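Remarks on the overall topology
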Amino acid sequence: MESVSGSSQLNKTLRRHYLDLPQWGKCQVTYIWIDSSGEGLRNKTRTLDAEPQSIADIPEWSATGFNQKHSDLYLIPVWMFRDPFTMDPNKLVLCEVLKYDRVPAESNHRTSCKKVMEAAEEHCVWFGMEQEYTLLGMDGYPYCWPKNGFPRPQGPYHCGVGADNVYGRDIMECHYKACLYAGVKICGTNAETMPSQGSSVWEFQVGPCEGIAMADHLWVARFILHRVCEDFGVIATLDPKPMVGDWNGAGCHTNVSTKKMREEGGLQYIEQAIEKLSVRHEEHIRVYDPRGGEDNKRRLTGRHRTANINKFLSGVADRGASVRIPGQVGHDGCGYFEDRRPSANCDPYSVTEAIVRTCLLDAEAGDI
C-alpha cells in the first residue's frame, strides 16, 4: 500500500453533503499568497456578503508573518478565479504581500515584475511555462516506486500509457479539470521522462499569457495542484532534482514571444534576444531558482537533456541547449524561443522579469 495521508482516507461522500448546503447569497473567498520562503503557498478563507464581480470587490486582508520583527502583513488581491473545490459562487484570490509599512515583502517579486511588464507593454510579450513536478508518498519516496529498488530505466514513460508506465493519472486529470474550471490558462499536460515525475510522470503547461498574467496563472495552477494532491494524500514537490542518479530533473521551461518575433521574419528578433541572454547567462542562473542557482546545479549538468550550468548553448531543435529555437520556428522563420534553464521551483515573476529586462529593455535590476 502506498504511503498516503490519513486525511485522504476520510469519507469524501460525507463531505459532499456539507458542500451541497446552500450559502444564502454569501460567498467564500480563499486568499492565496506566497510565503516568506518564496516557494511555499499559504491560504485562508473569509465570507463576503455577496459574490464579487471583479477584483475591486474583494477587500484587503491581513496575515501574520513569522520571520519579521513586525509580523503584520497586508494581503492585496490581484487576480480572482473560480473555486474548483467549493464551487460557484466561491472564489480563489491571488494576493500580493506587503509588510507592515506597506513595502513589498522580500518574497513579493510581483511588484517589480509588473513595473517591467508595463515598461515593455508595446512589445506584447507572450509567455508559456512548462511546469514539471514529482509525486511523492507521505514517506518522501517517489509515488509507486519499488520500496527496495528502482523502476525500469527511462524510456517508456514520456507521454506513456499503461499501468506499468504511468502512475497517478487521476491526479493529473483532476488538476487539469480544476484549472479549467477556475479559469487558469492551462493549455496541456503530458507524462514526463522519470516515472513518478510530474503528476506521476506529468508536466502541465500554462499559457500563452501576456505580461504579468503568466506568473499569476502559474502560481494559482501550483496552488490547485497542491490542493488536489492533498485530497489524494500525496505530495507534489517542485524540487529540480528529486532523485539522485540517472534520472531527469524537473524544470520549468519558459517559452517567449514578442509581436515582432511572431511576424514574418521574426527569427532575426529571436536570435537577437538569444544573443542578449548569452551575455547575461550567470545573472539569469542566479534568478532561475530560489537559491541563487544552487538548486539548478543539481539539475543542469549537461546530461538528461540539459546544458551545463556553466555554459550557454543555443540551437535549433536542440533539447540539450540552454535556449532552444523549436524546429518548426526555424522552418517558419518566426514564432518563439524556449529558455530551458529555469528550475521547477523557480519564481515565475523573477524569471519573466529577467527575460524582459534582458531581451527588451536592456536593463538591470533597479533600472525600471
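Residues numbered from 1 in each chain as written. Predicted model: local features only at pLDDT ≥ 70, side-chain atom pairs only at ≥ 80, totals over all residues. Heavy atoms only, no water.

The next thing to look at is the overall build of the chain. A count of helices and strands for the chain gives 10 helices and 14 strands. Across the 368 residues of the chain, 52% fall into the buried class. The long-range fraction of contacts in the chain, counting pairs at least 24 apart against all pairs at least 6 apart in sequence, stands at 65%. (Helix = DSSP H or I, 4+ residues; strand = E, 2+ residues; numbered from the N terminus. Buried < 20%, exposed > 50% of the residue type's maximum accessible area, 1.4 Å probe, protein only. Contact = heavy atoms within 4.5 Å.)

On inspection of all chains with the given rule, the structure shows zero disulfides. Free cysteine Cys209: the closest other cysteine sulfur is in Cys187, separated by 8.2 Å. (Disulfide = S-S within 2.5 Å.)

If you look at the biggest cluster of nonpolar residues, it comprises 67 residues, and the most contacted ones within it are Ile224 and Phe337. The dominant element in this core, judged by the number of residues it contributes, is helix H4 (residues 213-232), at 12 residues. Residues in contact with Ile224, not counting those within four places in the same chain, are Pro84, Phe85, Leu92, His175, Ala178, Cys179, Ala182 and Val184. Residues Cys27, Ile58, Leu75 and Val93 belong to the second largest nonpolar core, which totals 13 residues. (Core = buried A, V, L, I, M, F, W, Y, C linked by side-chain atoms within 4.5 Å.)

Turning our eyes to something else, we now look at helix H3 (residues 169-182). An ideal rise of 1.5 Å per residue puts 20 Å on 14 residues; H3 measures up with 20 Å between its terminal C-alpha atoms. For H3, the complete set of buried residues consists of Ile171, Met172, His175, Ala178, Cys179 and Ala182. Within H3, the buried residues cover an arc of 135 degrees as seen down the axis, which keeps them to one side. Among the exposed residues of H3, those oriented more than 90 degrees off its buried face are Asp170 and Lys177. The positive-phi residue at the C-terminal boundary of H3 is Gly183, with phi of around 100 degrees. (Expected span 1.5 Å × (residues − 1). Arc of directions from axis to C-beta.)

A separate point is the side chain of Arg340. Relative to the helices and strands, Arg340 is located in the loop between strand E14 (337-339) and helix H10 (348-361). Residue classification places Arg340 among the buried positions, given a relative accessible area of 6%. Among the polar contacts made by the side chain of Arg340, one reaches the side chain of Glu338 at a distance of 3.1 Å. Sequence-distant contacts of Arg340, that is, excluding residues within four places in its chain, are made with His253, Arg299, Arg305, Asp318, Arg319, Ala321, Ser322 and Arg324. (Polar contact = N/O pair within 3.5 Å; in protein donor to acceptor, adjacent residues only side chain to side chain.)

Now for the sheet that holds strand E1 (residues 27-34). Taken in spatial order, the five strands of this open sheet run E2-E1-E5-E4-E3, and their pairing is mixed. Of all strands in the sheet, those bounded by a partner on one side alone are strand E2 (41-48) and strand E3 (61-64). If you compare each strand with its neighbour and ignore which way they point, the axes differ by 40 degrees on average. Strand direction decides the pairing type here: E1 and strand E5 (residues 91-98), joined by four bridges, are parallel. (Pairing = 2+ DSSP bridges. Axes fitted to C-alpha atoms, helices over the stretch in contact; angles between N-to-C directions.)

A cis geometry characterises the amide bond from Asp88 onward to Pro89, with omega recorded as 10 degrees. Among the secondary structure elements, Pro89 is positioned in the loop between strand E4 (72-82) and E5. Phi at Arg102 is positive, roughly 65 degrees, even though this residue is not glycine. Within the secondary structure, Arg102 is located in the loop between E5 and helix H2 (110-119). Of note in this structure, Ala317 is not a glycine but carries a positive phi near 60 degrees.

Within E1, seven of the eight residues are buried, which leaves it mostly tucked inside the rest of the structure. Bridge count between E1 and E2: eight bridges; the pairing is antiparallel. By the bridge assignment, Tyr31 is partnered in E2 with Lys44.

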